[in-house]
Amino acid sequence: LIAKGMARQLQVPVDTQTLVRKIARDTQTHKTRIERWLNVDGNFCVRNSYTEPIHVLLVDDVLTTGATIEACAQVLLQIPGLTLSIACIAKA
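Residues numbered from 1 in each chain as written. Predicted model: local features only at pLDDT ≥ 70, side-chain atom pairs only at ≥ 80, totals over all residues. Heavy atoms only, no water.

K.L.:
I'm lost on the overall build of the chain in this one. Help?
P.N.:
Per the secondary structure count, the chain includes three helices and four strands. Going residue by residue from the N terminus, the α and β elements of the chain occur as α-β-α-β-β-α-β. A buried classification covers 25% of the 92 residues belonging to the chain. Taking all contacts inside the chain whose residues are at least 6 apart in sequence as the whole, residues at least 24 apart take part in 68%. Surface accessibility of the chain: about 6,900 Å² in total, with carbon and sulfur atoms responsible for 56%. Both charge centroids of the chain, one from 10 positive and one from 8 negative side chains, sit 4 Å from each other. (Helix = DSSP H or I, 4+ residues; strand = E, 2+ residues; numbered from the N terminus. Buried < 20%, exposed > 50% of the residue type's maximum accessible area, 1.4 Å probe, protein only. Contact = heavy atoms within 4.5 Å. Areas by Shrake-Rupley, 256 points an atom, 1.4 Å probe, with all protein chains shown as cover. Lys, Arg positive; Asp, Glu negative; His and termini not counted. Charge placed at Lys NZ, Arg CZ, Asp CG, Glu CD.)

K.L.:
How should the nonpolar core be read in this particular structure?
P.N.:
As a rule of thumb, nonpolar side chains are buried together in soluble globular proteins. Listed in full, the 12 residues of the largest apolar core are V40, F44, V56, L58, A67, I69, A71, C72, V75, L76, I79 and L82. Those elements giving two or more residues to this core turn out to be β3 (54-63) and α3 (67-76). Ranked by residue count, the leading element in this core is α3, at six residues. For L76, the contacting residues outside a window of four places in its chain are L19, V46, V56, L58, L82 and L84. (Core = buried A, V, L, I, M, F, W, Y, C linked by side-chain atoms within 4.5 Å.)

K.L.:
How do you make sense of the packing of helix α2 (residues 33-40) against α3 when you look at a structure like this?
P.N.:
For any two helices packed against each other, one specifies the crossing angle of their axes together with the interaxial distance. One way to put it is that α2 packs onto α3 with a least axis distance of 9 Å and a crossing angle of 30°. Between α2 and α3, the angle falls in the class roughly parallel. In terms of crossing hand, the pair formed by α2 and α3 is right-handed. Where α2 approaches α3, its residues R36, W37 and V40 are matched on the opposing element by A67, T68, E70 and A71. Of the residues that constitute the contact of α2 with α3, the class distribution is four nonpolar, one polar and two charged. (Axes fitted to C-alpha atoms, helices over the stretch in contact; angles between N-to-C directions. Parallel < 35°, antiparallel > 145°, perpendicular 65-115°, else oblique. Left-handed = near helix turned anticlockwise from the far one by under 90°. Nonpolar A, V, L, I, M, F, W, Y, C, P; charged D, E, K, R; others polar.)

K.L.:
Which parts of the structure should I look at to understand α3?
P.N.:
An α-helical turn contains 3.6 residues, so a residue and the one three or four places further along point in the same direction. Extensive coverage of α3 is indicated by the burial of seven of its 10 residues. Three or more residues of α3 are buried, namely A67, I69, A71, C72, A73, V75 and L76. As for α3, its buried residues are in contact with β1 (19-21), α2, β2 (44-46), β3 and β4 (82-91).

K.L.:
I'm lost on the pairing of β3 in this one. Help?
P.N.:
Two faces belong to every sheet, and in a regular strand the side chains alternate between them. As judged from the nine bridges shared by β3 and β4, these two strands associate in the parallel manner. From the neighbouring strand, L57 faces β4, where its bridge partner is S85. The handedness of the β3 to β4 crossover, carried by α3, is right-handed. (Pairing = 2+ DSSP bridges. Right-handed = clockwise from strand over helix to strand, strands pointing away.)

K.L.:
I tried to follow the state of the cysteines on my own but got confused; where do I start?
P.N.:
Joining two cysteines, a disulfide is a covalent bond between their sulfur atoms. Evaluated as defined, the whole model comprises zero disulfides. Cysteine C45 shares no disulfide, and the gap to the nearest cysteine sulfur, in C72, comes to 11 Å. Residue class for C45 comes out partly exposed when judged on its relative accessible area of 26%. Classification of C72 as buried rests on a relative accessible area of 6%. (Disulfide = S-S within 2.5 Å.)

Shown next, in the form of structure tokens:
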């Protein structure tokens, strides 16, 4: 994956285990703005806990309505001491 390769070059860890999708749902591709929000609402959870402050960079490949990134951010921001930054590769 490009993200893992880039992270390796930057010497930063990539965590693919903490933020997890609870249920595999339909693609967002042909959904309306409201359908996208409903499709991801409550669909993510945090699996790991942290005892010290952590800074997370949440990366989205394509930002369309922001529904997925918002759903992920809401869950991540429940971690005490977490600082969240967001990056997006492209905007539709």
